[in-house]
Amino acid sequence: LFSRETRPEDTRVKVRQAVFGDGPLLIAGPCAIESEEQMQRTAEFLASRGVKVLRGGAYKPRTSPYAFQGLGVEGLKLGRAAADRHGMAFVTEVMDTRDVEVVSEYADILQVGARNMQNFALLREVGRSGQPVLLKRGLSATVEEWFYAAEYVLSQGNDQVILVERGIRTYEKWTRNTLDLSGAVLAKQLTHLPVVVDVTHAAGRIDLLAPLARAALAAGVDAVHVEVHPNPKVAMSDNNQQMDFAQFDAFLDAVRDLLEPAKTR
Ligand code: PEP
Ligand code: MN
């Protein structure tokens, strides 16, 4: 079902003001939802820059069980309220089949994170929800495994799947992960689904975000995903890789020519 051979035309995923597959978009927001003020300030800023899709995690897949795990339902409410107030769509991760229903209540798009890419029960459940799904490529997943993960969602009768390349694990240590641009291009060529490149989790460092986003957009992906936080130094997760507002403005300036026409950003 994922293959372009079964469906030659691009699948578009329309979520509020944003249409994935109809000109380049940005997805932006903090790694984790931390407070009402953080979400309101971030949404207000991003909306003022034309960003239509707000991200933020309420359920966080953390390496240590003792690290901040997210605000749960309280976080979902804060994300939804901030998005609504600024006319944005809201995407957030769901980690557990038991939470698909409540996350669907608040989010426009359900994110399946890299660590859950082959959680087949979760893939089926988000498929059954009928909600748009943002499916991240697994940490060490091949392109084929990524497409078959999408197949689990599609096979439930849900064709609203957006594929995200977010970097894969390699031996390289100077970046958090290695952006597999070939994988993103293969996803565009071999599937009919919209493709996003998450430069933040791929690079894990701010100085590479604009060049990688330029490369991804030039290669024809449908959206770029970045993390933005009002004060990354005090963020409760991923604080080395989130941009502050001034850094986001510089990033936007550096990629603007590839995002135009601005109305589709
Ligand atoms: C995230 O988007 O915050 C996240 C945890 O990403 P990934 O699943 O790609 O690591
Ligand atoms: Mn993150």
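Residues numbered from 1 in each chain as written. Chains lettered and ligands numbered in written order. Predicted model: local features only at pLDDT ≥ 70, side-chain atom pairs only at ≥ 80, totals over all residues.

If you look the protein up in an unreviewed UniProt entry, it shows as 3-deoxy-7-phosphoheptulonate synthase/chorismate mutase from Oceanithermus desulfurans.

A. Examining the environment of alanine 47 more closely. One can find alanine 47 in helix H1 (residues 36–48). Those residues in contact with alanine 47, other than ones at most four positions away along the chain, are His86, Gly87 and Met88. (Helix = DSSP H or I, 4+ residues; strand = E, 2+ residues; numbered from the N terminus. Contact = placed C-beta atoms within 7 Å.)

B. Representation of the packing of H1 against helix H2 (residues 73–85) in the model. Between H1 and H2, whose axes approach to 9 Å, the crossing angle comes to 30°. By the angle between their axes, H1 is roughly parallel relative to H2. H1 and H2 meet at a crossing whose hand is right-handed. Contact residues: H1 offers Glu36, Met39, Gln40 and Ala43, while H2 offers Leu78, Gly79, Ala82, Ala83 and Arg85. (Axes fitted to C-alpha atoms, helices over the stretch in contact; angles between N-to-C directions. Parallel < 35°, antiparallel > 145°, perpendicular 65-115°, else oblique. Left-handed = near helix turned anticlockwise from the far one by under 90°.)

C. Molecular detail of H2. End to end, H2 covers 18 Å across 13 residues, agreeing with the expected 18 Å (1.5 Å per residue, within 8%). Among the structural elements, H1, strand E4 (53–55), strand E5 (89–93) and helix H3 (100–106) are those in contact with the buried residues of H2. Phi turns positive one or two residues past the end of H2, at glycine 87, with a value near 65°. (Expected span 1.5 Å × (residues − 1).)

D. Quick peek at unusual backbone geometry. Notably, arginine 16 is not glycine yet its phi reads approximately 50°, a positive angle. Looking at the secondary structure, you find arginine 16 in the loop between strand E1 (13–15) and strand E2 (18–20). On the basis of neighbour counts, which here come to 15 C-beta atoms within 10 Å, the residue arginine 16 falls in the partly exposed class. Non-glycine residue aspartate 238 carries a positive phi angle of around 45°. (Buried ≥ 20, exposed ≤ 12 C-beta atoms within 10 Å, placed from the backbone.)

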